[in-house]
Amino acid sequence: MCGLRFEERYGEFAREYMHVHHKTPLSQIDDHQNHRIIPEADLIAVCPNCHAMLHHHPDKPCDIKTLQQLMKDAPDKSDINDRN
Ligand SMILES: [Zn+2]
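Please read all numbers here as calculations on a predicted model, not as lab measurements. The written sequence of each chain sets the order in which its residues are numbered from 1. Local features in a predicted model are, by the rule used here, given only for residues with pLDDT of at least 70; side-chain atom pairs are given and counted only at 80 or more, and totals for whole chains, interfaces and linings are based on all residues.

### So, the overall build of the chain
Using the following cut-off: Here a strand is any run of E in DSSP of at least two residues, a helix any run of H or I of at least four, and the numbering for each starts at the N terminus. Residues with at least 20 other C-beta atoms within 10 Å of their own are called buried, those with 12 or fewer are called exposed, and the rest are partly exposed. The C-beta atoms themselves are positioned from the backbone. Our contact criterion uses C-beta atoms placed from the backbone: two residues qualify when those atoms are within 7 Å.
Check the secondary structure of the chain and you find 4 helices and 2 strands. When the helices and strands of the chain are placed in sequence order, the string is α-β-α-β-α-α. The buried share of the chain, reckoned over its 84 residues, is 5%. In the chain, once contacts between residues fewer than 6 apart in sequence are set aside, the share between residues at least 24 apart is 55%.

Here it is, written out as structure tokens:
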């Protein structure tokens, strides 16, 4: 999402390291047992920094769109792109 690629910073060792974020917080799903997660729709791969920001304010959940906007509005725009 922010374009960070771990292998660019840490080399081959870190290849494809990413966190998986649930777009709908599991706490908001009433029926866990019968809820089927559709990976393409429900999950998104994000770097640990973005993942931390998505959960930074537990009382004010941040969605992907909001985080992208926050990054656009942030002072340092040097490495923002849409690479996911
Ligand atoms: Zn990120």
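### Overview of the environment of Ile29
Positionally, Ile29 belongs in the loop between strand E1 (19–22) and helix H2 (39–42). Under the C-beta neighbour-count criterion, Ile29 is labelled partly exposed, with 14 such atoms within 10 Å.

### Some thoughts on unusual backbone geometry
The phi dihedral of Glu16 is positive, around 60°, even though this residue is not glycine. Position of Glu16 among the secondary structure elements: in the loop between helix H1 (6–10) and E1.

### Observations concerning the environment of Pro25
Along the chain, Pro25 falls in the loop between E1 and H2. Residues Pro25 and Asp63 lie 38 residues apart in sequence; the distance between their C-alpha atoms is 10.0 Å.

### Topic: the environment of Met71
Topologically, Met71 is positioned in helix H4 (residues 64–73). Taking the C-beta count within 10 Å as the criterion, Met71 has 18 such neighbours and is therefore assigned partly exposed. Placed 56 residues apart in sequence, Met71 and Arg15 show a C-alpha to C-alpha distance of 24 Å.

That's the geometry; what it means functionally is another story.
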